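Observations on the three-dimensional arrangement
Given next are the chains, with one letter for each unit.
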Amino acid sequence: MKNIKTPISFLRSSLAVKQLFVNLLLAPTIITLTANTPTSSAMNLFENYSLSTVEIIRNNGYDVEVHNVITADGYILELHRIPRSKRGQEPTRNHPVFIHHGILGTSADWVLAGADMSLPMQLADDGYDVWLANCRGNTYSRKHISMSSKQRAFWNFSLHEVGKYDLPASIDYVLSISKTSQLHYVGYSMGSCVFFIMASERPEYQPKIRSQISLAPVAFLSNTRSSLRFMAPYAKMLNIVYQRMWKGMFMPQSSMQKFLASTICREKITQKMICEKCIIFSVCGSDPYHFDTKLIPQIMGHFPAGTSANLAAHFAQFILKDTFGQYDYGRAMNLRQYNSTEPPTYDLKSIRVPITLIYGENDILADTIDVMKLKAQLPMVVDSFPAKSPYFNHVDFLWSTNVTEQINDPVKEILQKTDRLGWTYTGTAATAISSAVAVNAVDLPQIQMLQLNPLSGAVNLAPSLEFFAENLDAIIASTMPRPVDEHDAAVFEREREQQRLLFGGVIKFAQAAEKKYGHIRQEITNEIAGWADDAATGAESRVKQTAVLVNGKIAFAGHSVAGAVGKAEHFVAGGVGKAEQTVAVGIGKAHNYFNYGLNKADWAVNATVGRVGRVFWFWK
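Below is a summary of the structure that appears in this document. The numbers attached to residues start from 1 for each chain and follow its sequence in the written order. Predicted model: local features are reported for residues with pLDDT of at least 70 only, side-chain atom pairs are reported and counted for 80 or more only, and whole-chain, interface and lining totals are derived from all residues. The basis for every side-chain value is the complete set of heavy atoms in the structure, and neither hydrogens nor water enter the calculation.

Attention shifts here to the overall build of the protein. The secondary structure listing takes helices from DSSP runs of H or I that are at least 4 residues long and strands from runs of E that are at least 2 residues long, numbered from the N terminus. Across its full length, the protein holds 21 helices and eleven strands. Exposure is judged per residue with a 1.4 Å probe applied to protein chains only, and the accessible area is read against the type maximum: over 50% gives exposed, under 20% gives buried, and values in between give partly exposed. Per-residue burial for the protein yields a buried fraction of 46% across its 620 residues. Residue contacts follow a heavy-atom distance rule, with two residues in contact if any of their heavy atoms lie within 4.5 Å. For the protein, the proportion of contacts with a sequence separation of at least 24, taken over those separated by at least 6, is 79%.

So, in structure tokens, the structure goes:
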């Protein structure tokens, strides 16, 4: 009974149930949209949102190359290179530029908005040899020299392995092909995080970095206002679920994702209410005035692109611990791995690389307070400044309508300065000051971290629907942008009310569906339990009947064997008696033949002796 009920009770976990409810909620809209779209048109949309990085770059008029790099631990990474400008001009700058994407992203994130917004394409036109990274596990880097991505061992990595193995292998390859000794590194979000890990764990690579630019830098995350912080306490249990059900793979790119991109996220109403607010806004945040919503179908066609559950859990540990350290395996495993119950922290103070930090004052994921903590730990900060727009949020570093003015142009100015052969860092590489001093030195708005109602019960796989219902206002308020003036306050209040209605409706629908599902599940459970009991009872009866039959057969067989043994003994005894009699007769006959032979021999001897006597008498 236990084995039968276990998988049924597991279906009650919020992961599967919520996913089912969301699909059910979206299903009528999907059907309506696809019913009103000609088949050929729908297929064309699907293909457009499925273009690869290489196809997007080529469609924008640039040459592109694909390179494969093998890491020290056997992962095969795919790098995309823009080797020359749109006009075909070869690079004129002294050092190549290596650009790294964020979590669950790929190289496509940098180019899907087209040349007018794409930093890599603009840098290629500015004379740089541009290389786009793809870390292990995403759509383009899902190969290994000895393992398949279907194996659990393939997904056994965190941020640590990306920084320790992926970046060094990629950097060495780029320098080898470009025939230079240094390169510029531009990292967005996770791309900055893994750089700090590499520079800390592999200090021999620090001299190979001409300059480093961190966009929406991530290292400390304890002050994040993203909805991810509400899931962080459940990351460990969620990781176990992903390990058991998907072998550690986390949110890979899928056909359903592209289908939603070409249907739900294409229509203005559902695009704004579902794709932007539910998926993008609450997790990463966006500028309420300048985020390019027309890009949402393309974004959803490429993002998320997959990673490991361990890597996602590593980010959750940053949120919970307020430290920038290695992966926490738990106290027992940490002792074996690190010889300590707590994982070691990365030594940011040891990084002797010229670094520029560019952040958003309204970034709900990489909060300004956390960025200042990071800055305080880095000894060679060339510059640190926010985007000009006070509304700039996390995804706006890629897809804001004014990203060129806010981000791309400042990045190009920094690269032009640091790319000159005679340029050297002239700032103070002193011991980093404490994070508390650094934060207090900046006039930051005070944020009250919202207290959420705790879940009832012991251990939960993920927040329940009741958790979201009780804390809905707090969650929405936390993920909202900070208002800059009175006009913003009114606009954001309307935005908050819209989200409350939207998410509240989804939660109520999900709760109703869960209740109905609970009745159905209980009925199915009872049916299976009854069937199992009947089967068990019938099996026990048949076992008893079989035992009686077998015992009877054994007794019958015993009698048969005893009779057979008696007959065999009698037969043997008779045979022995007959054999003894036959032997005795044979011996008697043999004795008679022997005596007769002796008599015949005696007679023959006597006759011979008589003849010899007569001969001697005649001779005389």
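Having put the structure on the table, let's press on.
Look at Ala-216: it is not a glycine, yet its phi comes out positive at around 50 degrees. Looking at where Ala-216 falls in the secondary structure, it is placed in the loop between strand 7 (209–215) and helix 8 (228–231). For Ala-216, a relative accessible area of 0% translates into the label buried. A positive phi angle, close to 60 degrees, is found at Lys-247, a residue other than glycine. As for its position among the elements, Lys-247 is in the loop between helix 9 (235–246) and strand 8 (249–250).

Two aromatic rings, drawn from Phe, Tyr or Trp (for Trp, its six-membered ring), form a pair once their centres lie within 6.5 Å of each other, and the interplanar angle then sorts them: stacked below 30 degrees, edge-to-face above 60, tilted otherwise. The final tally for this structure, using the stated rule, is 19 aromatic pairs. Aromatic side chains Tyr-242 and Phe-250 sit 5.0 Å apart centroid to centroid with 65 degrees between the ring planes, which places their arrangement in the edge-to-face category. Of the residues examined, Tyr-242 reaches a relative accessible area of 16% and is grouped as buried. Under the relative-accessibility criterion, Phe-250 is labelled buried at 15%. Our definition puts a charge over a ring when NZ of Lys or CZ of Arg is within 6 Å of the ring centre and also within 35 degrees of the ring normal. Here the guanidinium or amino end of Arg-136 rests over the ring plane of Tyr-75, the centre of that ring lying 4.0 Å away. Here the guanidinium or amino end of Arg-136 rests over the ring plane of Phe-157, the centre of that ring lying 5.7 Å away.

Here we come to helix 17 (residues 403–419). When the terminal C-alpha atoms of helix 17 are compared, their 22 Å separation across 17 residues agrees well with the 24 Å that a helix rising 1.5 Å per residue should span. Of the residues making up helix 17, those classed as buried are Val-403, Gln-406, Ile-407, Asn-408, Pro-410, Val-411, Lys-412, Ile-414, Leu-415, Thr-418 and Asp-419. Given the number of residues in a helix, its expected span is that number minus one, multiplied by 1.5 Å.

Further remarks concern the pairing of strand 6 (residues 183–188). Burial analysis of strand 6 places six of its six residues in the buried class, the great majority of the element. Taking every second residue as pointing to the same face, both faces of strand 6 are buried, with Leu-183, Tyr-185 and Gly-187 on one and His-184, Val-186 and Tyr-188 on the other. A pair of strands is treated as paired once DSSP finds two or more bridges between them. As defined by bridge partners, strand 3 (residues 97–100) adjoins strand 6 across four bridges and the pair is classed as parallel. Looking at the pairing, Ile-99 lines up with Val-186 of strand 6. Examined bridge by bridge, strand 6 and strand 7 share six bridges and lie parallel to one another.

Let us look at the pairing of strand 1 (residues 65–70). Where strand 1 and strand 2 (residues 75–82) come together, six bridges link them in antiparallel fashion. Within strand 2, the position partnered with Ile-70 by the bridge is Ile-76. Linking strand 1 to strand 2, which pair antiparallel, is a turn of four residues; within it Gly-74 sits at a positive phi near 95 degrees.

Turning our eyes to something else, we now look at the nonpolar core. Among buried residues, the Ala, Val, Leu, Ile, Met, Phe, Trp, Tyr and Cys ones that are joined through side-chain atoms within 4.5 Å form a nonpolar core. Ranked by size, the top nonpolar core spans 55 residues in total, and within it Phe-98, Leu-159, Phe-195, Phe-196, Phe-324 and Leu-378 carry the most contacts. Broken down by secondary-structure element, the contributors of at least two residues to this core are strand 2, helix 6 (159–178), strand 6, helix 7 (190–201), helix 13 (309–321), strand 10 (355–359) and helix 15 (368–377). Looking at this core, the element that brings in the most residues is helix 7, giving eight residues. In this structure, Phe-98 is in contact with Leu-79, Trp-131, Ala-133, Leu-167, Ser-170, Val-174, Leu-183, His-184, Tyr-185 and Val-186, ignoring residues within four places of it in sequence. Listed in part, the 43 residues of the second largest apolar core include Ile-82, Met-121, Ala-216 and Leu-398.

Here the focus is the side chain of Asp-109. Along the chain, Asp-109 turns up in the loop between strand 3 and helix 5 (119–125). Those residues in contact with Asp-109 that sit more than four places away from it in its chain are His-101, Leu-398 and Trp-399.

Now for the packing of helix 9 against helix 13. In this analysis an axis means a line fitted to C-alpha atoms, helices contributing only their contacting stretch, and an angle means the value between N-to-C directions, from 0 to 180 degrees. At a closest axis distance of 9 Å, the pairing of helix 9 and helix 13 adopts a crossing angle of 180 degrees. With respect to each other, helix 9 and helix 13 are oriented roughly antiparallel. For the pair helix 9 and helix 13, the contacting residues are Ala-235, Asn-239, Tyr-242 and Gln-243 in the first and Ala-309, Asn-310, Ala-313 and Ala-316 in the second. Gly falls in the polar group here, along with every residue not listed as nonpolar (Ala, Val, Leu, Ile, Met, Phe, Trp, Tyr, Cys, Pro) or charged (Asp, Glu, Lys, Arg). Tallied by class, residues from the contact of helix 9 with helix 13 come to five nonpolar, three polar and no charged. Small angles under 35 degrees read as roughly parallel and large ones over 145 as roughly antiparallel, with 65 to 115 read as roughly perpendicular and the rest as oblique.

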